[in-house]
Amino acid sequence: MQNDIYKRFGARVSFARGVEGLFLVVSSTGDPEPRVRVFGGQIVMRLNKTKILARLELAKALELLKEPGIRKVGGVHLDVERYKRFLASQANAHNHL
Amino acid sequence: MASVGQELLDVPLPEMVMKLGLGVAEAQRSLDENSVETAKMLAETTVPLVLSITQTIAENGTVSYQNQDPVPVSLLQIGLMPTFYQFAEATIEVTMDIKTTTSRETNVKVSAKAKVGFSMFSASVKTDVSHNRKFGKEVHGTSRLVTRMVPVPPPPRIEPVLNTVDNRPQPE
């Protein structure tokens with residue numbers, strides 16, 4: 001963590017190591033991929049020039065959020081049921097063509 | 001002098017619990033705002049999605065593929081949802097190490113005077129005794145706050161319900 005207020009109080013802040021999660025990373029200055037890789041993230045999908053989906057640990061994602069140029073790091077997940085419903089609705093529409 | 005039990009009772013536990021509760025509530029609000037903002041970005045971000053690919057096998061055995069034109073769809077639409085977190089548990093641990101010491105100090109000061117002259121004799125002995133009792137107290141305390149967050153399903157109304165109205169004539 002960059003904020004060192006807790007150190008002045010002699011406190012110790014730690015995050016339990018958790019499994020990786022999926023995060024939407026949005027940059028305000030360009031490609032966020034190099035920064036994501038610095039924090040040990042894996043690129044899952046590139047959405048456009050400034051937005052990517054990446055796998056990161058929560059603690060690393062919170063650190064990434066404080067990086068200059070990073071506008072947003074938000075946890076996301078894929079709702080498989082909703083994805084299936086969407087595909088089914090599109091398939092039905094396609095069959096009518 | 002306050003007893004050890006009183007020292008423990010003096011720990012401002014209600015205040016600590018109140019502040020922890022307020023801290024958790026504030027953090028929860030920030031987490032929710034972050035998730036809602038993520039939902040907005042997911043709704044605003046579209047990706048071209050190829051919904052079907054047609055595979056054609058010719059008479060001579062050659063295989064060809066034809067993609068359907070990509071359709072722009074939002075990430076929210078295809079099921080990419082923001083993750084909502086909730087504080088499931090908060091624990092306060094207070095550890096106190098109290099050490100009390102008592103010491104007693106006694107000072108004795110003795111002085112004697114004697115005087116002789118003209119058949120006179122006088123003598124005096126002066127004794128000063130002072131007792132000093134000292135109390136010492138050392139209190140060391142540490143507190144530990146532990147919170148646990150778990151992901152929870154998004155609010156049911158965050159995703160729009162997809163209703164399809166197909167007005168094309170049905171094939172007979």
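Since the structure is predicted, the reported quantities are computational estimates derived from the model, not experimental observations.

I'd like a rundown of the interface of chain A and chain B, residues and numbers included.
Interfaces are often sized by the amount of accessible area the parts lose when they come together. The partner chain B presents 30 residues to the 30 residues of chain A that form the contact. Here chain A and chain B share an interface that buries about 2500 Å² over both sides, 60% of which is from carbon and sulfur atoms. On the chain A side of the contact with chain B, Lys72, Arg82 and Phe86 of chain A bury the most area, a combined 27% of that side's loss. Across the contact surface, chain A and chain B share one salt bridge.

Talk me through the confidence of the model for chain B; I want residue IDs and the actual numbers.
Residue and element names in this part refer to chain B. Model confidence for chain B is summarised by a mean pLDDT of 81, while 90% of its residues fall at 70 or above. Within chain B, no element has a lower average pLDDT than helix 1 (residues 4-9), which sits at 68, and none a higher one than strand 5 (residues 80-82), at 90. This complex was scored by the predictor with a pTM of 0.63 and an ipTM of 0.70.

So what's going on with helix 2 (residues 13-44) of chain B? Which residues, and what values?
Helix length check: helix 2 of chain B (32 residues) gives 46 Å between terminal C-alpha atoms against 46 Å at 1.5 Å per residue, within 8%. Buried within helix 2 of chain B are the following residues: Leu20, Val24, Gln28, Leu31, Ser35, Thr38, Ala39, Met41 and Leu42 of chain B.

Describe the pairing of strand 1 (residues 21-27) of chain A, naming the residues involved and giving the relevant values.
Residues and elements named next belong to chain A. Across the seven residues of strand 1, six count as buried, placing the element largely inside the fold. Examined bridge by bridge, strand 1 and strand 3 (residues 51-56) share six bridges and lie antiparallel to one another. In the sheet register, Leu24 faces strand 3, and the bridge partner there is Leu53.

How would you summarise the pattern of salt bridges if you had to cite specific residues and measurements?
Evaluation of the coordinates by the stated rule reveals ten salt bridges over all chains. Measuring nitrogen to oxygen at the nearest pair gives 3.6 Å for the salt bridge that ties Arg55 of chain A to Glu20 of chain A. In this pair, Arg55 of chain A sits in strand 3 while Glu20 of chain A sits in the loop between helix 1 (5-8) and strand 1, placing the two residues 35 residues apart along the sequence. On the basis of relative accessible area, Arg55 of chain A is assigned to the partly exposed category, the value being 33%. Among the salt bridges present, the one from Arg29 of chain B reaches Glu33 of chain B, with a minimum N-O distance of 2.8 Å. Placement of the pair is Arg29 of chain B and Glu33 of chain B together in helix 2, with a separation of four residues, close to one helical turn.

Conventions we followed
Residues numbered from 1 in each chain as written. Chains lettered and ligands numbered in written order. Predicted model: local features only at pLDDT ≥ 70, side-chain atom pairs only at ≥ 80, totals over all residues. Heavy atoms only, no water. Contact = heavy atoms within 4.5 Å. Buried area = accessible area lost by both parts, 1.4 Å probe. Salt bridge = Lys/Arg side-chain N within 4 Å of Asp/Glu carboxyl O. pLDDT = per-residue confidence, 0-100. Helix = DSSP H or I, 4+ residues; strand = E, 2+ residues; numbered from the N terminus. Expected span 1.5 Å × (residues − 1). Buried < 20%, exposed > 50% of the residue type's maximum accessible area, 1.4 Å probe, protein only. Pairing = 2+ DSSP bridges.

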